[in-house]
Structures are given as structure tokens and as C-alpha cells.
There are 2 protein chains.
Amino acid sequence: MSLIVQKFGGTSVADPERMRAVADQIGRTLRRGNQVVVVISAMGKETDDLLRLAADVSTTRPGREMDMLITAGERKAMALLSMALHDIGVRATSFTGSQAGFITDSSHTNAKILEVRPERVREALEAGEVPVVGGSQGVSTDLNVTFLGRGGSDTTAVALAHALHAEVCELYTDVSGVFTTDPRIVDRARKIDHISFDELLEMTASGCPKPAMRSVEYARTHGVDLHVRSAFTWETGTLVTKEDPDMEDAIISAVTHDTDEAKVRFAGVPDHPGIAGRLFRALASEGINVDMIVQNTSEDGHTDITFTVPHSEASLADETCRQLIGELGAKDVSVDEQIASVSVIGAGMKSNPGVAAKVFETLAANDINIEMISTSAIRISCVVREEQVDQAVQALHEAFGLHAGA
Amino acid sequence: MSLIVQKFGGTSVADPERMRAVADQIGRTLRRGNQVVVVISAMGKETDDLLRLAADVSTTRPGREMDMLITAGERKAMALLSMALHDIGVRATSFTGSQAGFITDSSHTNAKILEVRPERVREALEAGEVPVVGGSQGVSTDLNVTFLGRGGSDTTAVALAHALHAEVCELYTDVSGVFTTDPRIVDRARKIDHISFDELLEMTASGCPKPAMRSVEYARTHGVDLHVRSAFTWETGTLVTKEDPDMEDAIISAVTHDTDEAKVRFAGVPDHPGIAGRLFRALASEGINVDMIVQNTSEDGHTDITFTVPHSEASLADETCRQLIGELGAKDVSVDEQIASVSVIGAGMKSNPGVAAKVFETLAANDINIEMISTSAIRISCVVREEQVDQAVQALHEAFGLHAGA
């Protein structure tokens, strides 16, 4: 008998019909002889609705009260799913984050899990019940209700799977798994059967939207196997595990892209120690989420530092840099919003030096100019013109033989 | 400094605008030097919506899960009201029934309160905060979330007022108090200022819809004074207390005064039905707290309507009236801030017709001119010049033999 944690996202439980479909899937899993613990998100767009309501009522929106408000969404969903399970003869018991033993810090709206003590969840399992746990919530050490942030239900599921020594944590979503690239751009994109945590982390960081990065990091640290799969077709999805010894052959597993990026160039700064530290400390103080960072080779004792940020933070980054022009002796700051990044991900890349060359050659063969390059052990990312990014994704997906049936 | 429990029903907090109006009323209560504990119901028809959702998902609807679902409604409302309070500079902290110390039995959907241990509510008060407690909810002795049933927020408020030794429990609703009969049937129905628990229980049992009978029973058992009042006009409602055995003898119990009043005179309006209703609806929509209202005897088919409001609302009342001059065919609006009211209070007044005459004679003998008179069954109020109010209080206090040792 295996213990499986099943997490269902908002679109999976958006309406009463979907609630019943999810209950049926849980019932099927039980009939196959498994024990199931369920983690559930708020229904459909409810979290957005609650945020809008808060904005209509208040301009200050203190974090403690926001968390009390937002967590009402998962509470509704978990109670309704438990009822739907009772209807098909499954004894189910809902638990809030607090009841499920999620102890967090007091960083309201974005709390961190300190400890999971799932005593009541264990007792329910031992009594033959299905525990249905509200995702993304907990109780702080000073006994206030906390919210783990958007996408926190994935983290709840992974943390619970770890605490309960579950065999696997199934993350149900509205796509059937992790793909070699965005199927809306490349119609021959292929679902990946098996991928490593590191690769999935790089994919998430470079534009692949699911699952929440934080939950993958948690799973990687604690060795919790993930299964990313569809709550609509119920077919087998993508298994995410620790790097497999025989993965060395699998050179390239995916091509990702991100169009929500702007490029900021801090030009002509003196090439001596401390400049970059000062710059990125200032950006961090403003809460700016810097992604790629590139510093060009020095010319005449001066250098350019270029980095990318989300579109929404571009003007703040621009302003922050401009205030440093005098202090750091820079020549100019420029922002370019018409860019996008394309990334090639693969665990075997580090021992295959030809990969980078093949990426650059492929883009060149398609007349796509590369404006920035950034690499990690398992990723190569290039910044290109925004209007060329679909073409870049298609070319790279084909060049690395990722097309379905290839 | 008095401690007041204020309970707001669903229609009182139906939308963001009403949330802010309720926050303003709490702010006004604090500014008068009181401590406030708030109990809140789910917004508008939310409880009905949640029941409908449950019916769409499930036919079995187990009680434990129904309670988890339904209590999400109050949770949303209490968080939103706390945010609205923060917006007007009031430090507020929301508490679930469990956090507020409501221990109940396990009769889901209709749980009974076993004990109230409001430690966290007390701590919040001591820290100078306004606790905002979710109504109609608690935690059972086996640590499950429970719902006290429809109308349970009144009971929450009364139980909390008792546990905290509050001076009064104010039950805000969509009518302005307890009436002599249903005002929709008899347009001369009169709101009752002060009534005994026994009388109100009899009225509730025979069709008077508010407040929830269970809460009145609780208040009667534990001697918690209730104030049933409107969350729309904010006018004084009905006080419900234990019947005083020697009420008949005690003719006059107190002389009070209020210097925070301004007199607004809406002069020369046609003396026909609907004028006063239109005027005071407009004032109410602006959140103006009207106290005394006097309509003079009609002369030549025209009349004056005079009323008092707090100083802080005088200019808004003036402006609101001026906008109605054309529509209501009035001659003029004037505001006089140099007034004060003096009142004589006494339960035995109704059987002693000489009381009013004695009030007027006493003031005349002291050369104090009466500008407005307003009476109730147990109160006679007069508006006088502000500089004469101390003299008026002294004279009446002596005339009615209230002096110590008299």
C-alpha cells in the first residue's frame, strides 16, 4: 500500500462539476490500494476575487488580515471537496493549514514553513479517512493564520509528502505534464516522461510556468518525487526525480522562453571591484527581481553591466540605476523592453561542450541576433529580439531533435 | 472608559462601501472614549451562496464540512473590516471563533457554546487594538471548527459581552430598533427606547424578527444589556435590560447633557407627507448622526424641521440640506453650533404627567430659554444656549431632588 499526496490546483476544482471529477479520481486512486492525502487550492479565480475585494475595501491591507482573508478560499474548497468525497462513499476530513500542523514564520502574505507536525493528518489516515488539507496556509509561532503566497499549495503538498514519507507527490494541473517547449509555439512539442529537479528548476526559472519553483526546490532538497499531471485527462504526466545515473545520455530535454523581460544596460562604468556589488545591492533593496546578469569584457578600463528584469520592474530598475550614475562614475543607463529570452535545458550539457556552439549556430542560421548570453551547468540562455523568439524556439526544438516522433 | 461590544449583521457589511461605513461608526465610538470589540457576520447573502454551492457539489453534506465551509464567510468579512479600520488609523486584529476562545459542543451546523475564554481578545484590547471577531463560530472540544447556526453572530456578541464584562452589547441591524409593531403594516409603529428582556422575548416569540431569540435568552440569563440599533441611520435604537423592580417609584434617575451638538433648521417646507423621510434619508446616506428631531407646528401650510447633529457633522448636514432646498421647496437652512442639550431621564415618567411641566418651569425660573423640546417615555430633552447648559443641569438636578443627601 503506497501513500500518495495529490494536489489539485484552482482550475482543477473551479466549479461543482470539477469538484466531483476530482473526487472520482481520488476514489480511483484509493481503489488501486493506495492511501491518499489531498492538498487543494482555492476554486478557480477565487484568490484573485478576494484580492480585488480587499483593494475595494482598503488601501492599507495589513498582511495579517490579508492572510485571514485569502485563506478563506482554500477553506471553502477543502470543505466542498470533502463533501463530494462523502457523496461517493469516501470518508474525508478537511484540515486547515493550522490543523494539518503547518507551523510558519510571521512573514504574512509570504510565510515560510518552519515545521510540519501532521499529527491530525496521520490520525485521519490511520482511521481510514482521506485528509483534505487547505493549501498554502499555516499558523505562525505567534498563533496567527498565515498564507504561503501564490502557488504555495504546491509547497504544502511537497512538504506534507516529505513529512508523511509519501511515495510520490502528484501535482495535478491544467496541462498534461512538462513539455519540451511551449506547445502553443511548437506544435510538435513533446511531453517529457522523466526529468530531474535541476532541469525543472532551470526550466521554471527561464519561463516554464509550472509547478511553483519554491515547491521544486523543496522537493529537490528533501528528495520528494513529483508527478506533474493533468486533472482533465488523468493521463500519466511527467515524473520529476533526483538525477538518474543513466540520465547522462539525455543531452537536451527542453527549450523554454520568456517574453516578460526587459534588458537594462548600465554603460561605461569603471572596471574595478565593488561596482557590481553596489549596483545589485541597490536593486535588491528596491525588491527588484534580477534574472540574467552579464558583464562585458572591459575596454579602456570601463565596462558595461547588462541585466534583465520583469517588464513591471523595468522603470524602477532604470530609476535606481540613474541615481547611481554619479556615485559609480557610469556613462549612461538604457532600457530595452522589446527583448525575450530563449533557453536550452539539459542535464547532460556540462559534459557536452558542443551544445553551446550548436545553439549559437542554429540561431545564426535563422538570422537571429544574440544580444546577451548566460549559462549555467544545465542551461544556455540567449536574449534575442522579442519578435524573433517564436522562431528561435522552433529552430532550437528541431535542431536538438525534440520533436515528437523524432 | 466603557467597553462596548458592537455586532454588525450581513446587510450592515454587504459591500465595500458599507464596510467603510461600519469602520467609521467604530471610529466614532472610539473617539467618544470607549473601548470596542466587534463581532461580524458574513457579507450580505454570502451564507446563502455557500449553502447553494454545497448543495451543487454534494447531497450528503456532512456537518463538520458544512461548518468548515460556512465559517469562511465570517472569516472574509472580519479580515476586510479589520483592513477598513486600519485605513482610518484604527489598529484592528481579526479573530476566528476559535482564536477568540469560543469552545462549543460538537453539534455541527448548530453548535452550543460551552465556554468562552477570550484571552487573545483581552490581550488585543490591552494593547489598544480593536478585536474583530468572526460571528457564529467556535471550536469543538475535539478541535473541529463549528458553526453556531443562522443568527448565531448575535449570540457570539452577547457571550463575548458577558465574558468581557462589557457595558453593553450593541446589535446593529437594518432596522432602527425594536418597534411597537411591524412598521410595514402600521406606519405609526413606534420604536421602543428601553424594553425588558421578558417583553422582548415575548415579542420575538410572537413575530418580531430581531434580534435572534437565542441571543436574548443568553443576555437575559447573564444580565447582558443589549442595544438593538440601525447600521444605516446610526440613530439610537432600543436598549434591552432586566426590568428594575423599583422602576415605578424612581421618577427621575438622571440629568444628562451634551455639548457636542449643533442645531440645523430646515425652514419653511411644505407640510405634507414624505418631506421628512426624504430629508433624513439624505442625511443618513451621508452617514450623518442625527440626534434630536423636532418639527414645529404648521403655519400657513409650511413648517420647520429642526434637528441636532454632532459638531463634526454640522457642515456636512448643512450642505446636504442646501442641496434639497429646491427639491423639497424649503425657504432656508440655518446651522447654530452654540447650543447644547439637557435631558431628564426616568423610567417612572410615563405615569407622572407633571414631570414635563416641572422641567420647563425650572428652566424658565432660571431665565434659560428652551429652543427645542424632544421627549420619550422616559426622557425629556431640551436644547438650550450652550453657555447656559451647566446652569440648566444644576437647576434640574436640584429641582428633581437628585442632590446627594437630598
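The structure we're discussing is the one just above.
I will try to describe carefully the structure that is included in this document. None of these values were measured; they are calculated from a predicted model. (Residues numbered from 1 in each chain as written. Chains lettered and ligands numbered in written order. Predicted model: local features only at pLDDT ≥ 70, side-chain atom pairs only at ≥ 80, totals over all residues.)

### Considering the overall build of chain A
Selection criterion: Each helix corresponds to a stretch of at least 4 residues labelled H or I by DSSP, and each strand to a stretch of at least 2 residues labelled E; elements are numbered beginning at the N terminus. Our exposure labels follow a C-beta count within 10 Å of each residue's own C-beta, placed from the backbone: buried means 20 or more other C-beta atoms, exposed means 12 or fewer, and partly exposed covers the counts in between. Residue pairs qualify as contacts under a 7 Å threshold applied to their C-beta atoms, which are placed from the backbone.
On a plain count of helices and strands, chain A comes out with twelve helices and 18 strands. Reported as C-alpha extents along the three principal axes, the dimensions of chain A are approximately 75 × 55 × 35 Å. Here chain A holds 406 residues, and 48% of them are scored as buried. Counted over contacts in chain A with a minimum sequence separation of 6, partners at least 24 positions apart contribute 74%.

### Digging into the sheet that holds strand β18 (residues 379–385) of chain A
The pairing of strands in a sheet comes from backbone hydrogen bonds and takes either a parallel or an antiparallel form. Residue and element names in this part refer to chain A. Test applied: At least two bridges found by DSSP between two strands are what make those strands a pair. Between N-to-C directions, angles cover 0 to 180 degrees, with each direction set by a line fitted to C-alpha atoms, over the stretch in contact for helices.
The antiparallel open sheet is built from six strands, whose spatial order is β14-β15-β13-β16-β18-β17. Looking at the sheet topology across the chains shown, the edges are occupied by β14 (293–295) and β17 (372–376). The sheet shows a mean angle of 30 degrees between the axes of neighbouring strands, direction not considered. Here seven bridges tie strand β16 (residues 332–345) to β18, and the two strands are oriented antiparallel to one another. The residue of β18 that forms the bridge with Val344 is Ile380. Against the sheet, helix α11 (residues 354–365) contacts β16, β17 and β18, and its axis sits at roughly 20 degrees relative to β18.

### Digging into the sheet that holds strand β8 (residues 145–147) of chain B
Residues and elements named next belong to chain B. Spatial strand order, β5-β4-β7-β8: four strands in an open sheet with mixed pairing. Every interior strand has two partners, whereas the edge strands, β5 (113–116) and β8, have only one. The sheet shows a mean angle of 45 degrees between the axes of neighbouring strands, direction not considered. Bridge count between strand β4 (residues 102–104) and strand β7 (residues 137–140): two bridges; the pairing is parallel. Paired with Ile103 across the strands is Val139, a residue of β7. Against the sheet, helix α3 (residues 63–87) contacts β7 and β8, and its axis sits at roughly 75 degrees relative to β8.

### A few points about the interface of chain A and chain B
What counts is decided by this rule: In this count, Pro and Cys sit with the nonpolar residues alongside Ala, Val, Leu, Ile, Met, Phe, Trp and Tyr, while Asp, Glu, Lys and Arg are called charged and the others, Gly among them, polar.
Chain A puts 28 residues into the contact, and the matching count from chain B is 28 residues. Contributing elements (two or more residues each) for the side of chain A that touches chain B: α1 (16–31), α2 (46–57), α3 (63–70) and α4 (72–87) of chain A. Class assignment of the residues belonging to the side of chain A that touches chain B gives a composition of 14 nonpolar, six polar and eight charged.

### Here's the deal with the pairing of strand β11 (residues 226–230) of chain A
Residue and element names in this part refer to chain A. Of all five residues in β11, four are buried; the element is thus mostly enclosed. As judged from the three bridges shared by β11 and strand β12 (residues 238–241), these two strands associate in the antiparallel manner. Across the sheet, residue His227 finds its bridge partner in β12, namely Leu239.

### Overview of unusual backbone geometry
Unlike most non-glycine residues, Arg61 of chain A shows phi in positive territory, near 45 degrees. Along the polypeptide, Arg61 of chain A turns up in the loop between α2 and α3. One non-glycine residue, Leu143 of chain B, adopts positive backbone phi at about 65 degrees. With respect to the element layout, Leu143 of chain B can be found in the loop between β7 and β8.

### Points about the packing of α3 of chain A against α3 of chain B
Heads up, the condition is: Any angle between 65 and 115 degrees counts as roughly perpendicular, while under 35 counts as roughly parallel, over 145 as roughly antiparallel, and the rest as oblique. Crossing chirality is assigned from the near helix's rotation relative to the far helix, an anticlockwise turn below a right angle marking it left-handed and a clockwise turn marking it right-handed.
As a packed pair, α3 of chain A and α3 of chain B sit with axes 8 Å apart at the nearest point and diverge in direction by 160 degrees. With respect to each other, α3 of chain A and α3 of chain B are oriented roughly antiparallel. Like other packed secondary-structure pairs, α3 of chain A and α3 of chain B cross with a definite hand, here left-handed. Judged by residue contacts, Glu65, Met68 and Leu69 of chain A of α3 of chain A engage Arg75, Lys76, Met78, Ala79, Leu80, Ser82 and Met83 of chain B from α3 of chain B. For the contact of α3 of chain A with α3 of chain B, the per-class residue count stands at six nonpolar, one polar and three charged.

### As for the nonpolar core
So the rule is basically this: Here a nonpolar core is just a set of buried residues of the types Ala, Val, Leu, Ile, Met, Phe, Trp, Tyr and Cys, joined wherever their C-beta atoms sit within 7 Å.
Counting residues in hydrophobic clusters, the biggest one holds 181 residues, and the most contacted among them are Leu81 of chain A together with Leu81 of chain B. For this core, the element with the most residues is α3 of chain B, which contributes 13 residues. Discounting residues that sit within four places of it in the chain, Leu81 of chain A has contacts with Val13, Met19, Val22, Ala23, Val38, Ile40 and Val132 of chain A. Among the nonpolar cores identified, the runner-up in size contains 30 residues, and Ile305, Phe307, Val344 and Cys382 of chain B belong to it.

### Some thoughts on helix α7 (residues 197–205) of chain A
The element α7 of chain A is extensively covered by neighbouring structure, given that seven of its nine residues are classed as buried. Downstream of α7 of chain A by one or two residues, Gly207 of chain A has phi in the positive range, about 120 degrees.

### Some words on helix α5 (residues 152–163) of chain B
Residues and elements named next belong to chain B. To be explicit about the condition: Multiplying 1.5 Å by the residue count of a helix minus one yields the expected span of that helix.
Under the 1.5 Å per step criterion, the end-to-end length of α5 is 16 Å for twelve residues, consistent within 8% with the ideal 16 Å. In terms of burial, α5 is largely enclosed, as eleven of its twelve residues are buried. Here α5 has its buried residues at Gly152, Ser153, Asp154, Thr155, Thr156, Ala157, Val158, Ala159, Leu160, Ala161 and Ala163. Directly after α5, the chain includes His165, whose backbone phi takes a positive value near 55 degrees.

### Some thoughts on the environment of Phe400 of chain A
All names here are of chain A. Tracing the backbone through its elements, the reader meets Phe400 in the segment after α12 (389–399). Note on Phe400: 22 C-beta atoms within 10 Å, which makes it buried. Considered as a pair, Phe400 and Thr59 are 341 residues apart in the sequence and their alpha carbons are 51 Å apart. Apart from the residues within four sequence positions on either side, Phe400 is in contact with Ile252 and Val344.

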